[in-house]
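Given next are the chains, with one letter for each unit.
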Amino acid sequence: MRYLVDRSGKFRSYLGAPPPELFTAGLLRYCGDGVSLELSSAGSTALDAYLEHKAALDALPYTLTRNPLREELHRADEPIRILRENSTGREIAPGATLTDPSGHPVIYLGPTMSSDDRGTTWRPTFTARVSYPDHGAWLYPPAALGAAYDAEPVAPDAQEPR
């Protein structure tokens, strides 16, 4: 069998053939006409177990990450983790020019941001976003830039004006 024809809707659609393992495991079988397919009772039980497992996974909390490769400076109205040079302890503010591990100049954009409440509030993480003048954004662990983040984020109203 090369493909299946789905005639369940108004338009026919062509699907790839199911893997032979579904037949040998007894989960899928041909109907009496030798053309149509149906789930066996074992297949129906396996599908129900999968759907229950998927529903349980969907109910778990999850974390969103804002697009880390966006090429915009960190928003001033959001908390930030302060990036400091390892050698001097000097703060590196978003917009500052740094040197990447290969010696090329990059512009520090700020930390990546994540949310546990479906994007209502965002918190800074421990990965640095940088931008190359010629080929876009990139992510680095701060140690690769000769720096480290402070352990605690700083609230927007506590940040120094830049």
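Everything discussed here concerns the structure shown above.
The structure presented is a predicted model; accordingly, all values stated were derived computationally and were not measured.

Draft legend 1. View of the packing of aromatic side chains. This model, assessed by the stated rule, comprises two aromatic pairs. Ring centres of Phe126 and Tyr149 lie 6.4 Å apart, and the angle between their planes is 75 degrees; on these two criteria the pair is classed as edge-to-face. Here Phe126, found in strand β10 (residues 123–132), pairs with Tyr149, found in strand β12 (residues 147–149); they are 23 residues apart in sequence, far enough to count as distant. A relative accessible area of 11% places Tyr149 in the buried class. Directly above the ring of Phe126 sits Arg81, whose terminal nitrogen or CZ lies 3.9 Å from the centroid.

Draft legend 2. Broad picture of the environment of Ala42. Within the secondary structure layout, Ala42 lies in helix α2 (residues 41–59). For Ala42 and Ala25, which are 17 residues apart along the polypeptide, the C-alpha to C-alpha distance reads 8.9 Å. Those residues within four positions of Ala42 in sequence are excluded, and the remaining contacts are Gly26 and Leu27.

Draft legend 3. Representation of the pattern of salt bridges within the structure. Overall, the coordinates contain eight salt bridges when judged by the stated rule. Its salt-bridge partner being Glu72, residue Arg75 comes within 3.8 Å of it at the nearest N-O pair. Residue classification places Arg75 among the partly exposed positions, given a relative accessible area of 39%. What makes Glu72 partly exposed here is its relative accessible area of 31%. Among the salt bridges present, the one from Arg90 reaches Glu85, with a minimum N-O distance of 2.3 Å. Note on Arg90: relative accessible area 46%, which makes it partly exposed. In this structure, a network of salt bridges that share partners links the residues Arg70, Glu72, Arg75 and Glu78.

Draft legend 4. Quick look at the environment of Ala55. Residue position: Ala55 is located in helix α2. Taking the C-alpha atoms as reference, Ala55 lies 34 Å from Pro79; in sequence the two are 24 residues apart.

Draft legend 5. Structural detail: the sheet that holds strand β7 (residues 91–92). Reading across the sheet, the three strands line up as β7-β6-β12 and stay open at both edges, with antiparallel pairing between neighbours. Here the strands that pair on one side only, and so sit at the sheet edges, are β7 and β12. Here strand β6 (residues 83–85) pairs with β12 via three bridges, running antiparallel. Following the sheet pairing, Arg84 is matched in β12 by Ala148.

Draft legend 6. Layout of the pairing of strand β2 (residues 13–16). Sheet topology note: the strand β1 (residues 3–6)/β2 ladder contains four bridges and is antiparallel. Bridge assignment links Leu4 to a residue of β2, and that residue is Leu15. A loop of six residues connects β1 with β2, the two strands running antiparallel in sequence.

Draft legend 7. The side chain of Thr112, seen in detail. Here Thr112 lies in strand β9 (residues 105–115). By relative accessible area, which is 7% here, Thr112 ends up buried. Setting aside residues up to four positions removed in sequence, Thr112 forms contacts with Pro68, Arg123, Pro124, Thr125, Thr127, Arg129 and Leu139.

Cut-offs applied
- Position numbers for residues start from 1 in each chain and track the written sequence from start to end.
- With the structure being a predicted model, the display of local features is reserved for residues of pLDDT at least 70 and the display and counting of side-chain atom pairs for 80 or more, all residues being used for whole-chain, interface and lining totals.
- Each side-chain value is worked out from all heavy atoms of the structure, with water and hydrogens disregarded.
- To pair, rings of Phe, Tyr and Trp, with the six-membered ring standing in for Trp, must have centres within 6.5 Å; the planes then decide the type, stacked if under 30 degrees apart, edge-to-face if over 60, and tilted in the middle.
- The way it works is that DSSP assigns letters per residue, a run of H or I at least four long becomes a helix, a run of E at least two long becomes a strand, and they are numbered from the N terminus.
- Buried residues are those whose accessible area, probed at 1.4 Å on protein chains only, stays under 20% of the maximum for their type, while exposed residues exceed 50% and partly exposed ones sit between those limits.
- Consider the ring centre and the ring normal. A charge sits over the ring if Lys NZ or Arg CZ is within 6 Å of that centre and within 35 degrees of that normal.
- Contact between two residues is taken to exist if any of their heavy atoms lie within 4.5 Å; hydrogens are not considered.
- We define a salt bridge as a contact between a side-chain nitrogen of Lys or Arg and a carboxyl oxygen of Asp or Glu at a distance within 4 Å.
- At least two DSSP bridges between two strands are needed for those strands to be called paired.

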